[in-house]
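Survey of secondary and tertiary structure
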Amino acid sequence: QVKHMADEIYDLLNDDDKFNQLCEETFNEFDTDRSGQLDKSEMTRCMESLAALVDIPAPSAEDVEGIMAGLDTNSDSTVNVDEFKVLVSEVLKAIAAALQGEGQDD
């Protein structure tokens, strides 16, 4: 079952339409001011929610700033939906890899 979950994540990553829809829906959930950008407070809420989802400690303010700096390719101090997709892709790949590792214990 764990391997199946990992396979589903990889299938999602390889399906551009589904991946883009997931990213846009998730982005819009956290873009509370509907600016088309995630500012630091919106990104913090997003990262806290994600951390809770995968049962890891919430990121510090410095962590969020570092993540935003790494994603913010146009240097406007916010994260747009295209920059956000990079984060979602990396997180999903990490989760799938962890699941595959767990599946090998079975």
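Quick look at the structure, then. Fair warning: this is a prediction, and the values are worked out from it, not measured in the lab. Each chain carries its own residue numbering, running from 1 in the direction its sequence is written. Under the rules for a predicted model, residues below a pLDDT of 70 receive no local features and side-chain atom pairs below 80 are neither given nor counted, while totals for whole chains, interfaces and linings still include all residues. Values shown for side chains rest on all heavy atoms present in the structure; no hydrogens or waters enter the calculation.

**Concerning the environment of Ser-49**
Under the DSSP-based scheme used, a helix requires at least four consecutive residues in state H or I and a strand at least two consecutive residues in state E, with every element numbered from the N terminus. For Ser-49, the position within the fold is in helix α3 (residues 40–53). Classification of residues uses two cut-offs on accessible area relative to the type maximum, computed with a 1.4 Å probe and protein chains only: under 20% is buried, over 50% is exposed, and between them is partly exposed. Its relative accessible area of 36% is what places Ser-49 among the partly exposed residues. Considered as a pair, Ser-49 and Asp-15 are 34 residues apart in the sequence and their alpha carbons are 24 Å apart.

**What to know about the nonpolar core**
Counting residues in each nonpolar core, the largest one holds 21 residues, and the members touching the most others are Leu-38, Met-43, Val-79 and Phe-84. Elements with a contribution of two residues or more to this core: α1 (2–14), α2 (16–30), α3, α4 (61–71) and α5 (81–103). It is α5 that provides the largest number of residues to this core, a total of six residues. Whether two residues are in contact is decided by their heavy atoms: any pair within 4.5 Å suffices. Look past the residues within four positions of Phe-84 in its chain and what remains in contact with it is Cys-23, Thr-26, Phe-27, Leu-38, Cys-46 and Val-79. What is meant by a nonpolar core is a set of buried Ala, Val, Leu, Ile, Met, Phe, Trp, Tyr and Cys residues, joined one to another through side-chain atoms within 4.5 Å.

**What about the packing of α3 against α4?**
Where α3 meets α4, the closest approach of the two axes is 10 Å, and the angle between their N-to-C directions is 105 degrees. Here α3 lies roughly perpendicular to α4, going by the angle between them. Within the contact between the two elements, α3 uses Lys-40, Met-43, Thr-44 and Met-47 and α4 uses Ala-61, Val-64, Glu-65, Ile-67, Met-68 and Leu-71. Throughout this entry, Asp, Glu, Lys and Arg are counted as charged residues, while Ala, Val, Leu, Ile, Met, Phe, Trp, Tyr, Cys and Pro are counted as nonpolar. The remaining residues, Gly among them, count as polar. Residue composition of the contact of α3 with α4, by class: seven nonpolar, one polar and two charged. Orientation is described by axes fitted as lines to C-alpha atoms, over the contacting stretch for helices, and by angles from 0 to 180 degrees between their N-to-C directions. Should an angle fall under 35 degrees it is taken as roughly parallel, and over 145 as roughly antiparallel, whereas 65 to 115 is taken as roughly perpendicular and any remaining angle as oblique.

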